[in-house]
Amino acid sequence: MMHLSSEPVPLTTGYTPLFVKGSGYREHLVELYVAGHDDQGPVSRRRAETARPQTWALDDDERLLLVVLGQRYLLYEEDPRPLTYAAAAKQFAYLRPDAGWNERKIEYRIEAVRRRLHRTGFRYPLIHDTSQGRPGDNSLLHNLIKGLVESTTLVPPDLDLMEDDAVWPDSAG
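1. Quick notes on the confidence of the model for the chain
Here is step 1: Of all residues in the chain, 86% have pLDDT values of 70 or greater, and the mean over the chain is 82.
Here is step 2: Looking at the elements of the chain, mean pLDDT is at its lowest for strand β1 (residues 14-21), recorded as 80, and at its highest for helix α1 (residues 60-69), recorded as 95.
Here is step 3: Taken together, the stretch residues 164-173 has pLDDT below 50 and engages in 18 contacts with residues farther than four places along the chain or on a different chain.

Structure (structure tokens):
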């Protein structure tokens, strides 16, 4: 954080990140190029293609399941955590009453997604590492949702899959 009363911070020549607070809990990353006295800076590359982030394929059930579990991330809540499987099962009972979603089925499906994405070189740990102690499943679910949101595999408009005018049984879960 920099304030008017802060001392100047010397920056080295080259690219440096600048984080700008936005509305709500949004934060934007702006990359600046710091030029030296004899440096002309980078050459403009206006026609260069934007590199898209790596996204992962999800089927319709997986996407809806992950949106329900990760809705707090997509709503930009501060320090979001996934919904519990029990809370997600209640929402699924409302969304898809004939599909038979329960805690065990949700847990099984999420584990399958974690294993599949783990094999692709996913950015965050998705599998228990028994040599380092066994992290809680909630930490792995947090890693999964965080990585999917950061990669834009899951985006806020996906919340529309939950019909945002519905009243959920226990979304505080």
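2. So, the pattern of salt bridges
Here is step 1: Throughout the structure, instances matching the rule amount to eight salt bridges.
Here is step 2: The salt bridge partner of Asp 59 is Arg 109, with a shortest N-O separation of 2.5 Å. With a gap of 50 residues between them, Asp 59 in the loop between β2 (27-34) and α1 and Arg 109 in helix α4 (residues 103-118) connect regions that are remote in the sequence.
Here is step 3: Across the pair Arg 109 and Glu 62 runs a salt bridge whose closest N-O atoms are separated by 3.8 Å. Remark: Glu 62 occurs in helix α1 and Arg 109 occurs in helix α4; sequence separation between them is 47 residues.
Here is step 4: What emerges from the salt-bridge pattern is a single network uniting Asp 59, Glu 62, Arg 109 and Arg 116.

3. Concerning the packing of aromatic side chains
Working definition: an aromatic ring pair is given by the centre-to-centre distance plus the angle between the planes.
Here is step 1: What the rule picks out here adds up to three aromatic pairs.
Here is step 2: Both rings, one in Tyr 15 and one in Tyr 33, keep their centres 5.1 Å apart while their planes meet at 75°; by these two values the pair is edge-to-face. Of this pair, Tyr 15 sits in strand β1 while Tyr 33 sits in strand β2, and the two are 18 residues apart along the sequence.
Here is step 3: Each ring, one from Trp 56 and one from Phe 122, has its centre 4.8 Å from the other, and the planes form 55°; the classification is tilted. Taken together, the positions of Trp 56 in the loop between β2 and α1 and Phe 122 in the loop between α4 and α5 (137-150) put the pair 66 residues apart, joining distant regions of the chain. No difference in accessibility class separates Trp 56 from Phe 122, as the two residues are buried.
Here is step 4: Above the face of the Trp 101 ring, Lys 105 is positioned so that its terminal group lies 4.7 Å from the ring centre.

4. Considerations on the nonpolar core
Here is step 1: Ranked by size, the top nonpolar core spans 32 residues in total, and within it Leu 66, Leu 69, Ile 106, Ile 110 and Leu 144 carry the most contacts.
Here is step 2: Listed by contribution, the elements that provide at least two residues to this core are α1, α2 (71-74), α3 (85-95), α4 and α5.
Here is step 3: In this structure Leu 69 touches Pro 82, Leu 83, Thr 84, Tyr 85, Ala 88, Ile 106, Ile 110, Leu 141 and Ile 145, once residues within four positions along its chain are discounted.

5. Points about a nonpolar patch on the surface
Here is step 1: The grouping of Leu 18, Val 20, Val 30 and Leu 32 at the surface amounts to a nonpolar patch, some 260 Å² of accessible area in total.
Here is step 2: Of all the secondary-structure elements, those providing two or more residues to the nonpolar patch are β1 and β2.
Here is step 3: With respect to the helices and strands, Leu 18 occurs in strand β1.

6. Structural notes on the packing of α3 against α4
Here is step 1: For the pair α3 and α4, the least separation of the axes is 8 Å and the interaxial angle reads 110°. In terms of axis orientation, α3 runs roughly perpendicular to α4. Between α3, through Tyr 85, Ala 86, Ala 88, Ala 89 and Phe 92, and α4, the contact on the second element is made entirely by Glu 103, Ile 106, Glu 107 and Ile 110.
Here is step 2: For the contact of α3 with α4, the residue count by class is seven nonpolar, no polar and two charged.

7. Quick notes on α1
Here is step 1: Burial analysis of α1 places seven of its ten residues in the buried class, which makes it a mostly covered element.
Here is step 2: Among all positions in α1, only Glu 62, Leu 64, Leu 65, Leu 66, Val 67, Val 68 and Leu 69 are buried.
Here is step 3: Measuring from the side-chain oxygen of the N-cap residue of α1 to the backbone nitrogen of Asp 61 gives 3.1 Å; that N-cap residue is Asp 59.

Rules and cut-offs
- Residues numbered from 1 in each chain as written.
- Predicted model: local features only at pLDDT ≥ 70, side-chain atom pairs only at ≥ 80, totals over all residues.
- Heavy atoms only, no water.
- pLDDT = per-residue confidence, 0-100.
- Helix = DSSP H or I, 4+ residues; strand = E, 2+ residues; numbered from the N terminus.
- Contact = heavy atoms within 4.5 Å.
- Salt bridge = Lys/Arg side-chain N within 4 Å of Asp/Glu carboxyl O.
- Phe/Tyr/Trp six-rings, centres within 6.5 Å; stacked < 30°, edge-to-face > 60°.
- Buried < 20%, exposed > 50% of the residue type's maximum accessible area, 1.4 Å probe, protein only.
- Lys NZ or Arg CZ within 6 Å of the ring centre and 35° of its normal.
- Core = buried A, V, L, I, M, F, W, Y, C linked by side-chain atoms within 4.5 Å.
- Patch = residues over 30% accessible without salt bridge, like charges linked within 9 Å, V, L, I, M, F, W, Y side chains within 5 Å.
- Areas by Shrake-Rupley, 256 points an atom, 1.4 Å probe, with all protein chains shown as cover.
- Axes fitted to C-alpha atoms, helices over the stretch in contact; angles between N-to-C directions.
- Parallel < 35°, antiparallel > 145°, perpendicular 65-115°, else oblique.
- Nonpolar A, V, L, I, M, F, W, Y, C, P; charged D, E, K, R; others polar.
- Polar contact = N/O pair within 3.5 Å; in protein donor to acceptor, adjacent residues only side chain to side chain.

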